[in-house]
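If you want the building blocks of each chain, they are given just below.
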Amino acid sequence: MAVRLLGYLVSAGFLALGILTVRDYLRQRDRRRGLIALAIGLIAVTNLIGQFNTLTGQRFTAVTTPVSITVFMASACALLLFRGTFIPLARATRVAALLASAAAVLAALVIGLPHAGAPATGSRSLAVIAIILVWSVIVSEPIVRFWLASNGRPSVQKARLRVLAGGFAGILVILLVAGFAGRAATSLALQLVFQVVALLTIPLLYASFAPPRWLRRFWRESEEDALRRSNRDLVLFSPDRATLANRSLDAGLRLVGADAGAIIDADQVLAMRGMDEATARRLADGAKTASHTDRIFPLPDPHRNALVIPLGLQQERGTIVMISGAFMPLFGSDEVLRFEQFSANLALALDRVRVVERMAEVERTKSHFLNLASHELRTPLSVIRGYLSILESGSLGTLNSSGRHAVSILSAKALEMNLLIEQMLEAARLEEGRLALRVERLDLGKVACEAIEMVRPLADDAHPLVLEEAEDQVIVMADRDRLTTILTNLIDNGIKYSPTGGAVTCVIALRGEEAVVSVRDHGVGIAEADLPKLFTRFGRVLTDDTRHIKGTGLGLYLSRELARQMGGEVAVASVRGSGSTFTLTMPVAAQEAAQPPRPPTGLRVLESTGTSQP
């Protein structure tokens, strides 16, 4: 009873499997799907005929046996032809299989097979063995080739080939044992084993052509880490486009199991393996005119296929081309789907790298311009300042009051331009990594005084410059020229951004292990939302109060970068309409041998005329 029940389940299972394979073929209309549907469907028909004979008491075997033999042998030929659609199959092999199948069927029909009411003669037993042997030989070749072809393939493709081989191998074992076990094959225990094995082959065969999603996820679990690493590289790894394309191509070849491939954008082949550029471009151009649903294209070599995936790049249309190997030209649908997702990430990564490259080129162009412009302006400006100095000294004759006033204005403007050129030169050195520091022990108060003297010509009577020094010397380790540049930039900003006047105060103090220089003005101030823009290169805060003030936006950027090069920092505190305070902090230098104390200087007001008052 159990054997009969299992037999019914096996028949129902093969019938359902046959219907599913036929439905899959009708949806896809693909030759491969048609052949595998034919192979599995014919086995299902053979099983149904056997159940029909059992239910009818073997009364119609004279009619059903020839049909069953023919259908059974045809299933082996269909499987072999299916194998030939993606693993090269010699013409002689196909012809030999068809001739052997036809000979076995003809011999069985002439000799006859044992059935109810007919004696089991030796010739009839030999006919059964011949049928089983020919079917087994024909089916064994695809089973072995499927298993061998699965080695080195992507995980889902590998598993599908192996379960297909395992399903047909189960049927093969049943037939061989049944054909050569003799009377033992009729025992209840062996019949039960046959039915169980046959029942297990059904899910294997189903999983070979239509594996459910959960099973595909299980199969590819070992590859998920590699795919995540590849996607992470696309997100985080930002070299040039060619390097990124080469890394991605290697990952893509492993992902779909291709033997050759190329990544192409509109201008060039970014990466290529195992193929020539002409072939890559021809396939890419052919894909542009195809339907957006077309992904796999045949090649002149009938045993190879091309997988072509478009890359939706921002500036142009790119393409990924993959070519299968001659031994395994099948691209699995699961691999193609995951590769399309990977390709979308690749397109984003290539666009990101292009943006980064263009930004880097813009930065290089800016640095080159700064370097070139500052050097070209420096020579004529030196000549102008030299002649202005001669005029001020009276070497070319005494100037009247109007002339002296004009020269003072010209000197102030020449100083502004000199400060601008110095900023441009220092910014270029920073960008190119050519900034060399000459660090020495410096009295911060003296350097601040020198900086004020430098910018004094830029101040008028409305902008008194005030220096408040600490009672003791504040010694720092710094580059004198760079430290002077920082302080002149801060004081110059205090003057420029106080259009209505007001003192610009420079306060020097000690705060623990830090030396602090604060430059305070009473100017227009800065809104809190605009503070992050201040220290960016070419960053300026433009408002109605500051739009008319000239500047490049390099001063504060350069000041902070130079301070950081020397271990310090520049910060700002400001309120819109109430002025700003820029603070330079520097580490205090280690103390040397005791020095005689410096007489306290306290507060000094440096007027625009250059006089000092205690």
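Residue numbers run consecutively from 1 along every chain, following the written order of its sequence. Totals for whole chains, interfaces and linings use every residue, but because this is a predicted model, local features are given only for residues with pLDDT of at least 70 and side-chain atom pairs only at 80 or more, for both listing and counting. As a rule here, side-chain values cover all heavy atoms of the structure and leave hydrogens and water aside.

**Q** Would you mind showing me how to read the pairing of strand β12 (residues 580-587) here?
**A** For the exposure calls, accessible area comes from a 1.4 Å probe over protein chains only, and a residue counts as buried if that area is under 20% of its type's maximum, exposed if over 50%, partly exposed in between. In this text, helices come from DSSP runs of H or I with a minimum length of four residues, and strands from runs of E with a minimum of two, each type numbered from the N-terminal end. Counted residue by residue, β12 has six buried out of eight residues, so it is predominantly covered. Strand pairing is defined by DSSP finding a minimum of two bridges between the two strands. As paired strands, strand β10 (residues 514-520) and β12 are joined by seven bridges and run antiparallel to one another. Pairing of R520 across the sheet is with T581, part of β12. Sheet topology note: the strand β11 (residues 569-574)/β12 ladder contains six bridges and is antiparallel. Residue pairing across strands places S574 opposite S580, the latter belonging to β12.

**Q** Would you take a moment to explain the pattern of salt bridges for this structure?
**A** Opposite charge on two side chains lets them pair, provided their charged atoms get close. Each reported salt bridge corresponds to a side-chain nitrogen of Lys or Arg within 4 Å of a carboxyl oxygen of Asp or Glu. For the coordinates displayed, the defined rule picks out 13 salt bridges. Across the pair E450 and R480 runs a salt bridge whose closest N-O atoms are separated by 3.3 Å. Of this pair, E450 sits in helix α14 (residues 444-455) while R480 sits in helix α15 (residues 480-496), and the two are 30 residues apart along the sequence. When its relative accessible area of 36% is taken as the criterion, E450 is described as partly exposed. Of the charged contacts, one joins E569 and R560 as a salt bridge, the two residues approaching to 3.2 Å between their closest N and O atoms.

**Q** Just to check I follow, could you spell out the state of the cysteines for this structure?
**A** Only a pair of cysteine sulfur atoms within 2.5 Å qualifies as a disulfide here. Throughout the structure, instances matching the rule amount to zero disulfides. Left without a disulfide partner, C449 is nearest to the cysteine sulfur of C506, which lies 9.7 Å away. C449 sits in the buried class, given a relative accessible area of 17%. The exposure class assigned to C506 is buried, which follows from its relative accessible area of 2%.

**Q** Could you clarify how one ought to interpret the sheet that holds strand β4 (residues 305-311) in this entry?
**A** The strands that make up a sheet are held in pairs by hydrogen bonds between backbone atoms, and each pair lies either parallel or antiparallel. Overall, antiparallel pairing links the five strands, which are arranged β2-β1-β5-β4-β3 in an open sheet. Bordering the open sheet on either side are β2 (269-273) and β3 (296-298), each of which pairs with just one other strand. Going from strand to strand, the sheet's axes swing by 15° on average, the running direction of each strand aside. As paired elements, strand β1 (residues 260-264) and strand β5 (residues 318-323) share five bridges and run antiparallel to each other. Note that in β5 the partner of G261 across the bridge is M322. When checking whether two residues touch, look at their non-hydrogen atoms; a contact exists if any pair is within 4.5 Å. To define axes, lines are fitted to C-alpha atoms, for helices over the stretch in contact only, and angles between the resulting N-to-C directions are given on a 0 to 180 degree scale. Of the strands in this sheet, β1, β2, β4 and β5 touch helix α10 (residues 241-256), which is tilted by about 40° from β2.

**Q** Which parts of the structure should I look at to understand the nonpolar core?
**A** Soluble globular proteins tend to pack their nonpolar side chains together in the buried interior. Here, the term nonpolar core denotes a set of buried Ala, Val, Leu, Ile, Met, Phe, Trp, Tyr and Cys residues that are joined through side-chain atoms within 4.5 Å. By size, the foremost hydrophobic cluster in this structure holds 47 residues, and its most contacted members are I491 and L584. Other than its neighbours up to four places away in sequence, L584 contacts L483, I486, L487, A515, V516, V517, A563, E569 and V570. Grouped together as the second largest cluster of nonpolar side chains are 42 residues, W135, V139, F168 and L172 included.

**Q** Please explain the confidence of the model for the protein chain as it appears in this structure.
**A** Detailed conclusions should not be drawn from predicted coordinates in areas where pLDDT is low. One confidence number per residue, pLDDT, is output by the predictor and ranges from 0 to 100. In the predicted model, the protein chain carries a mean pLDDT of 78, and the fraction of residues at 70 or more is 85%. Note on residues 606-614: pLDDT under 50 across the span, and 20 contacts to partners over four residues away in sequence or across chains.

**Q** What am I meant to see in the packing of aromatic side chains here?
**A** The description of an aromatic ring pair uses the distance of the two centres, along with the angle that the planes make with each other. For this analysis, a ring pair means two rings from Phe, Tyr or Trp (six-membered ring only for Trp) whose centres lie within 6.5 Å, classed as stacked if their planes differ by under 30 degrees, edge-to-face if by over 60, and tilted for the remaining angles. As enumerated under the stated definition, the model contains three aromatic pairs in all. When the centroid spacing of 4.8 Å and the interplanar angle of 10° are considered together, the rings of F72 and W135 count as stacked. Placement of the pair is F72 in helix α3 (residues 61-84) and W135 in helix α5 (residues 122-149), with a sequence separation of 63 residues. Here W135 falls in the buried class, since its relative accessible area comes to 0%. Criterion for a charge above a ring: Lys NZ or Arg CZ within 6 Å of the ring centre, and within 35 degrees of the ring normal. Its end group placed over the ring of W147, R162 keeps NZ or CZ at 4.5 Å from the ring centre. R560 extends its terminal NZ or CZ atom over the ring of F535, reaching a point 3.7 Å from the ring centre.

**Q** Can you walk me through the packing of helix α2 (residues 31-55) against α3 in this structure?
**A** In a pair of packed helices, the angle between the axes and the distance between the axes together describe the arrangement. Where α2 meets α3, the closest approach of the two axes is 8 Å, and the angle between their N-to-C directions is 155°. On the basis of the axis angle, α2 is roughly antiparallel to α3. As α2 packs across α3, the resulting crossing turns out to be left-handed. Of the residues in α3, those in contact with R32, L35, I36, L38, A39, L42, I43, V45, T46, I49, F52 and N53 of α2 are T61, T64, V67, S68, V71, F72, A74, S75, A78, L79, L81 and F82. Here the angle decides the label: under 35 degrees means roughly parallel, over 145 means roughly antiparallel, 65 to 115 means roughly perpendicular, and every other value means oblique. A crossing counts as left-handed when the near helix is turned anticlockwise from the far one by less than a right angle, and as right-handed when that turn is clockwise.

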